[in-house]
Amino acid sequence: MPASSAPDTPPPPYSYASPSPSPAPSPRPSRLPSPAYVHGYSDREARRLGDQADTLAQLLHAGTGYPAGSTVLEVGCGVGAQTLHLVNGSPGARIAALDRSAASLDQARAQLAAHAPHAAANVTWHRADLHRLPFSDASFDHVFLCFVLEHLPDPVRALSGLRRVLRPGGTLTAIEGDHGSVVFHPDSPAARRVIDHQVRLQAAAGGNALVGRQLYPLLTGAGFADVAVRPRTVYADASRPGLVSGFTRRTFIAMVESVRDEALAAGLTAPADWDRGITDLRRSAEPGGSFHYTFFKAVAVRPADDPADGDGRGRSGQHSRSAGSFSRVGSSCGMHTNSLTPGASSAASFT
């Protein structure tokens, strides 16, 4: 029976036990792409990143603030979507924003000039690969990265290099999503399949759309101490129209829609099956629908006695003691602030 006419059967629950999901059996030939940024660099993607950053600013940046005069490295700044919120939340901090794409850096500069011209003097722009950071050891008080690790084939290597440029006692903040956390209504096997296609394409491109759940072991494995990870949950229904529009439609569904051509080219699906899945997924943003997603935010510290060598690895993994709260992380370096305390809820509450 041709794959496109095969009857729909419910796939397993949308969660994975392993970092890289095993491809579901399919009679279609596999022509998955070579490593690349799976979402592309289109104007539409730039707008999606902006919508995502603006919609989730309260959720993701709450509790993150850097004091005046402190030095902050933002890794993978892209088009500056998160940079704008960093400078607004830490107006006196000196931020070095780094990305490997010259075009993205040009867009980021333009965004900052248009929306936060007062902060231009506090931001420097650097075109470089995060595996070849052009900075001396212990150059920064803090490191910030958001939605970067999900695109890397070796996150521990990248984090180890970032530990090198962080001063002993300085903090690293990492924010990542996890597509395995998606729950929506009305449920649909076809909709879950199109999400799974995006997960598989990202894995083929060298990334991991399920990386949020792995932040703790990744950071401890890279030699960080006092690692604290907390979930940041988004829930959207008709009572929260801003989240329905800004997150469900313009962030998550738009992200999945963007890989349609790649999914078809890879032989993961047929046009009719893809369109059915997207149509079903859009119902979660209609009256009577709902959508849930969990991000994970981690704060970690470079140990004060860390003798990291030139490649940043040092005694990786020997300082993997954990902290019970973000407040301990803040006090350990005396500079980074975070409002979460033990037992505090990190779920989003929007009106």
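Just above, that's the structure.
Since the structure is predicted, the reported quantities are computational estimates derived from the model, not experimental observations.

Draft legend 1. Representation of the side chain of Asp306. Residue position: Asp306 is located in the loop between strand E8 (290–301) and helix H10 (326–333). Residue Asp306 is classed as buried on the basis of its relative accessible area, which comes to 7%.

Draft legend 2. Structural context of the pairing of strand E5 (residues 166–177). Among the 12 residues of E5, 11 are classified as buried, and the element is accordingly described as predominantly covered. Bridge count for strand E4 (residues 140–146) against E5 is six bridges, and the pairing is parallel. Considered in E5, the bridge of Phe144 is made with Thr173. Pairing of E5 with E8 involves seven bridges; the strand directions are antiparallel. Bridge pairing in E8 links Gly177 to Phe295.

Draft legend 3. Focus on helix H4 (residues 155–165). The buried fraction of H4 is high, at nine of 11 residues. Looking at H4, one finds that the buried residues are Pro155, Ala158, Leu159, Ser160, Gly161, Leu162, Arg163, Arg164 and Val165. Contacts from the buried residues of H4 go to strand E1 (71–75), E4, E5 and helix H6 (215–221).

Conventions used here
- Residues numbered from 1 in each chain as written.
- Predicted model: local features only at pLDDT ≥ 70, side-chain atom pairs only at ≥ 80, totals over all residues.
- Heavy atoms only, no water.
- Helix = DSSP H or I, 4+ residues; strand = E, 2+ residues; numbered from the N terminus.
- Buried < 20%, exposed > 50% of the residue type's maximum accessible area, 1.4 Å probe, protein only.
- Pairing = 2+ DSSP bridges.
- Contact = heavy atoms within 4.5 Å.

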